[in-house]
Amino acid sequence: MKRILFLAMIQFLVFVSFAQNSEEKMDDKERIALTPYLSQELNFSEQVKKQLVNKMNQILSKNGMAGTRNNRFIITANAVILDEDIITTTTTMYQYKMEVSFYVGDGIDGKLFSNAVFEVKGLGETKADAFVNAIKNVKTSDSKFTTLLNEGKTRIVEYYNSKCDFIIQEAQTLAQQQEFDYAIYKLTGVPDVCKECYDKCMSAVQPIFQQKIDLGGEKLLAEARAIWNAGLDMYAAEQASDILAMINPSSKAYSGAVKLSQESAKRVAEIDKREWNRLLKQEQDAVDLRKAEIKAIRDIGVAYGEHQQPTTYNVRWW
């Protein structure tokens, strides 16, 4: 009965997800994230590099597209000095006329999606200050950024829709190799604005998550059973229980965890003449179970991405 309710709930949530994705696209850009990136090959001072990165972060935050590192889709920038003036009064001032360019694209394949160019001026007591102040004068409210990001968003959606079957196949191959976190990361990286692909990936990720918690549960159960069998006392029961508490209630190993917990409680009562029971994670109803599962899946994907080495990008756009 629980299984039937669970499947019905999944179908309902998929329907709701589809309905939400079919709404007006006013906030579509908020569901696609870009990673700010600056090529190390650019011969700028650290002060200038920092200002360019800050400007990109401001643009993404203002448009609801801030993301984590290791996203294949990036926003990057470059700056070129068009003219330099030295103004001498009581102090020497430097003024730069500059062209600051921003680019959005696929940083892995090296495909440029869109770009925007701004001509600005900056004044400062040093060349570095003039450079930084010029970048500061790029207005994040400029309509060019709306065009830049919308064009980039359209190309990103096209990428996922054209690569969807490959993404799912790759994730399933990773799961067969027990690279569950990597597989989940691949599938959860598809933004929900990519309607059809997103729904396919969410359907594909659930069995992979189930494989992960089943295998993990079996390993934890075997570890707990070995500890319990080696001691058969209160200390062993406590150690085993700590391990059993890590088993997901949806894992196939959960029933075995309950059985071992009951067995250890009975044995402790016999030898110590007292009741003892360490609670395991409790089973949940279909709605709570699905909510917990969605959160766990997303957390796995985010954690995997955050703990990888920075992605190497292939950018030659200027």
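These figures come from a predicted structure and were not determined experimentally.

Trainee: Please provide a residue-by-residue account of the overall build of the protein, values included.
Mentor: Scanning the protein for helices and strands turns up nine helices and four strands. The buried share among the 318 residues of the protein stands at 42%. Put simply, of all contacts in the protein between residues at least 6 apart along the chain, 69% involve residues at least 24 apart. Only carbon and sulfur atoms are counted for the fraction: they give 50% of the accessible area of the protein, which is about 17,700 Å².

Trainee: Summarise the sheet that holds strand E3 (residues 92-106); cite the residues concerned and give the values.
Mentor: The strands that make up a sheet pair up through hydrogen bonds in the backbone, lying either parallel or antiparallel. Strand order in this open sheet of four strands is E1-E2-E3-E4, and the pairing throughout is mixed. If you trace the sheet from one side to the other, it starts and ends with strand E1 (35-37) and strand E4 (111-124), each paired once. Strand after strand, the sheet turns through a mean of 25 degrees between neighbouring axes, direction not considered. For E3 and E4, the ladder comprises 13 bridges, and the chain directions are antiparallel. Bridge pairing links Val104 to Ser114 in E4. Sheet strands touched by helix H2 (residues 46-62): E1, strand E2 (73-88) and E3. Its angle to E2, the strand with the most contacts, is close to 130 degrees.

Trainee: Mind laying out the pattern of salt bridges, listing which residues take part and the relevant values?
Mentor: In this structure the tally under the stated criterion is twelve salt bridges. Put simply, Arg72 and Asp109 hold a salt bridge, and the shortest N to O gap is 3.3 Å. In this pair, Arg72 sits in the loop between H2 and E2 while Asp109 sits in the loop between E3 and E4, placing the two residues 37 residues apart along the sequence. For Asp109, a relative accessible area of 40% translates into the label partly exposed. A salt bridge links Glu196 to Lys200; the nearest nitrogen and oxygen atoms lie 3.6 Å apart. With Glu196 and Lys200 both in helix H6 (residues 195-231), this residue pair falls four residues apart, about one helical turn. For Glu196, a relative accessible area of 55% translates into the label exposed.

Trainee: With reference to specific residues and values, describe the environment of Ala66.
Mentor: You can see Ala66 is positioned in the loop between H2 and E2. Residues Ala66 and Ala33, spaced 33 residues apart in sequence, show a C-alpha to C-alpha distance of 5.4 Å. Non-local contacts of Ala66, meaning those with residues more than four positions away in its chain, are made with Ala33, Leu34, Leu60 and Ser61.

Trainee: Describe in detail the packing of aromatic side chains, supporting the description with residues and values.
Mentor: In this structure the tally under the stated criterion is 14 aromatic pairs. Taking the centre distance of 4.9 Å and the plane angle of 65 degrees together, the rings of Tyr37 and Tyr313 count as edge-to-face. In this pair, Tyr37 sits in strand E1 while Tyr313 sits in the segment after helix H9 (286-306), placing the two residues 276 residues apart along the sequence. For the residue pair Tyr37 and Tyr313, the accessibility class agrees, reading buried in each case. The rings of Phe73, Phe113, Tyr159 and Tyr160 are connected pair by pair, giving a single aromatic cluster.

Trainee: Could you give an account of the pairing of E3, naming the residues involved and the relevant values?
Mentor: On a regular strand, each side chain points to the face opposite its neighbour's, so the side chains alternate between the two faces of the sheet. For E3, the buried fraction is high: eleven of the 15 residues fall into the buried class. With 15 bridges joining them, E2 and E3 adopt antiparallel strand pairing. The partner of Thr88 across the bridge, within E3, is Thr92. Linking two consecutive strands that pair antiparallel, namely E2 and E3, is a turn of three residues. Counting the residues that bridge the hairpin from E3 to E4 gives four residues, and of these Gly110 lies at a positive phi of roughly 75 degrees.

What counts, and at which threshold
All chains use their own residue numbering, which begins from 1 and follows the written sequence. Where local features are concerned, this predicted model is filtered to residues with pLDDT of at least 70; where side-chain atom pairs are given and counted, the filter is 80 or more; whole-chain, interface and lining totals use all residues. No hydrogens and no water enter the side-chain calculation; it runs on all heavy atoms of the structure. Going along the chain from the N terminus, every DSSP run of H or I of four or more residues is numbered as a helix, and every run of E of two or more is numbered as a strand. Exposure categories follow from relative accessible area, calculated using a 1.4 Å probe and restricted to protein chains: below 20% of the type maximum is buried, above 50% is exposed, and the middle band is partly exposed. By the convention used here, residues are in contact when the closest approach between their heavy atoms is within 4.5 Å. Note on areas: these come from Shrake-Rupley sampling with a 1.4 Å probe, and a residue is covered only by the protein chains present in the view. Pairs of strands are assigned from DSSP output, requiring at least two bridges between the strands. In this description, a line fitted to the C-alpha atoms serves as the axis of each element, helices being fitted only across the stretch in contact, and the angle between N-to-C directions of two axes falls anywhere from 0 to 180 degrees. A carboxyl oxygen of Asp or Glu within 4 Å of a side-chain nitrogen of Lys or Arg is what we treat as a salt bridge. Two aromatic rings, drawn from Phe, Tyr or Trp (for Trp, its six-membered ring), form a pair once their centres lie within 6.5 Å of each other, and the interplanar angle then sorts them: stacked below 30 degrees, edge-to-face above 60, tilted otherwise.

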